[in-house]
Amino acid sequence: MEITMALCLPRDAASVPVTRRVLDRCLETLGVTPDTRDDIALALSEACANVVQHAGPGEEYQVQVSTGNRQCVIEVADAGSPAGTARGGRGTGREQPGGRAGAGDPVPATAEHGRGLTIIGAVADSMQLTGSGRRGTTVHFEKTLQWLPGAAGQHLFNTGSDS
């Protein structure tokens, strides 16, 4: 069994907490542990905030979540900038074309921005950043689901394990 949720959202800061709460309530209903939900919420918030800050004006972005086989897989994607339009960077001096910081680039200790991808990488089991500013960028991350005792999700996914 697999459960999939897709959201198409306006590039607006108000969409970030709404998206986080919608996913958190779904995971809570399935019986995912609070610690696992907190990690997913933090990673999702960082990915969505990055899109809101860097996507071009008036653009929408998509969040796709699927759960199955004890995994939560999340993709946050923007459509990219119109041809010839530059995106604003975070001002760390380490941006790639299109104003994006590299996923593996170190962030100076005094930097006020630029830690989002590092945070996602720290709380998720895996993370990938694909695409470019002109064609869009996708943050893909995965987290193993841990269940509360007697969780509905554990039963529905037939994991056979209470971890």
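Parameters at a glance
- Residues numbered from 1 in each chain as written.
- Predicted model: local features only at pLDDT ≥ 70, side-chain atom pairs only at ≥ 80, totals over all residues.
- Heavy atoms only, no water.
- Salt bridge = Lys/Arg side-chain N within 4 Å of Asp/Glu carboxyl O.
- Buried < 20%, exposed > 50% of the residue type's maximum accessible area, 1.4 Å probe, protein only.
- pLDDT = per-residue confidence, 0-100.
- Helix = DSSP H or I, 4+ residues; strand = E, 2+ residues; numbered from the N terminus.
- Contact = heavy atoms within 4.5 Å.
- Pairing = 2+ DSSP bridges.
- Axes fitted to C-alpha atoms, helices over the stretch in contact; angles between N-to-C directions.
- Parallel < 35°, antiparallel > 145°, perpendicular 65-115°, else oblique.
- Left-handed = near helix turned anticlockwise from the far one by under 90°.
- Nonpolar A, V, L, I, M, F, W, Y, C, P; charged D, E, K, R; others polar.

### Quick word on the pattern of salt bridges
Here's step 1: Under the defined criterion, the tally for this structure stands at 5 salt bridges.
Here's step 2: Between Asp-24 and Arg-25 there is a salt bridge, with the nearest N and O atoms lying 2.6 Å from each other.
Here's step 3: Judged by relative accessible area, Asp-24 falls into the buried class, the value being 13%.
Here's step 4: Several salt bridges converge on common partners, so that one network encompasses Asp-24, Arg-25, Glu-28 and Arg-37.

### Some remarks on the confidence of the model for the protein
Regions with low pLDDT carry predicted coordinates that are not meant to be interpreted in detail.
Here's step 1: Considering every residue of the protein, the mean pLDDT works out to 80; 71% of them sit at 70 or more.
Here's step 2: Taken element by element, the predicted model of the protein shows its lowest mean pLDDT in strand β4 (residues 95-96) (36) and its highest in helix α1 (residues 15-30) (96).
Here's step 3: This stretch, residues 83-103, has a pLDDT under 50; its non-local contacts, to residues over four places away or in other chains, come to 47 contacts.
Here's step 4: Note on residues 159-163: pLDDT is under 50 here. Beyond four places in sequence and across chains, it has 11 contacts.

### Side note on the pairing of strand β3 (residues 71-78)
Here's step 1: Counted residue by residue, β3 has 7 buried out of 8 residues, so it is predominantly covered.
Here's step 2: Taken together, the 8 bridges between strand β2 (residues 60-68) and β3 define a ladder with antiparallel strand orientation. Opposite Gly-68, over in β3, you have Gln-71 as the bridge partner.
Here's step 3: If you look at the hairpin formed by β2 and β3, you'll find 2 residues sitting between the two strands, and Asn-69 has a positive phi there, around 50 degrees.
Here's step 4: For β3 and strand β7 (residues 136-144), the ladder comprises 7 bridges, and the chain directions are antiparallel. For Ile-74, the partnering residue across the bridge sits in β7 and is Phe-141.

### Examining the packing of α1 against helix α2 (residues 34-54)
Here's step 1: The N-to-C vectors of α1 and α2 enclose an angle of 155 degrees; their axes lie 9 Å apart at closest approach. Considering the angle they form, α1 stands roughly antiparallel to α2. Of the two possible hands of crossing, α1 and α2 adopt the one that is right-handed. Residues Ser-15, Val-16, Thr-19, Arg-20, Leu-23, Asp-24, Leu-27 and Glu-28 of α1 pack against Arg-37, Ile-40, Ala-41, Leu-44, Ser-45, Cys-48, Ala-49 and Val-52 of α2.
Here's step 2: Per-class residue counts for the contact of α1 with α2 are 9 nonpolar, 3 polar and 4 charged.

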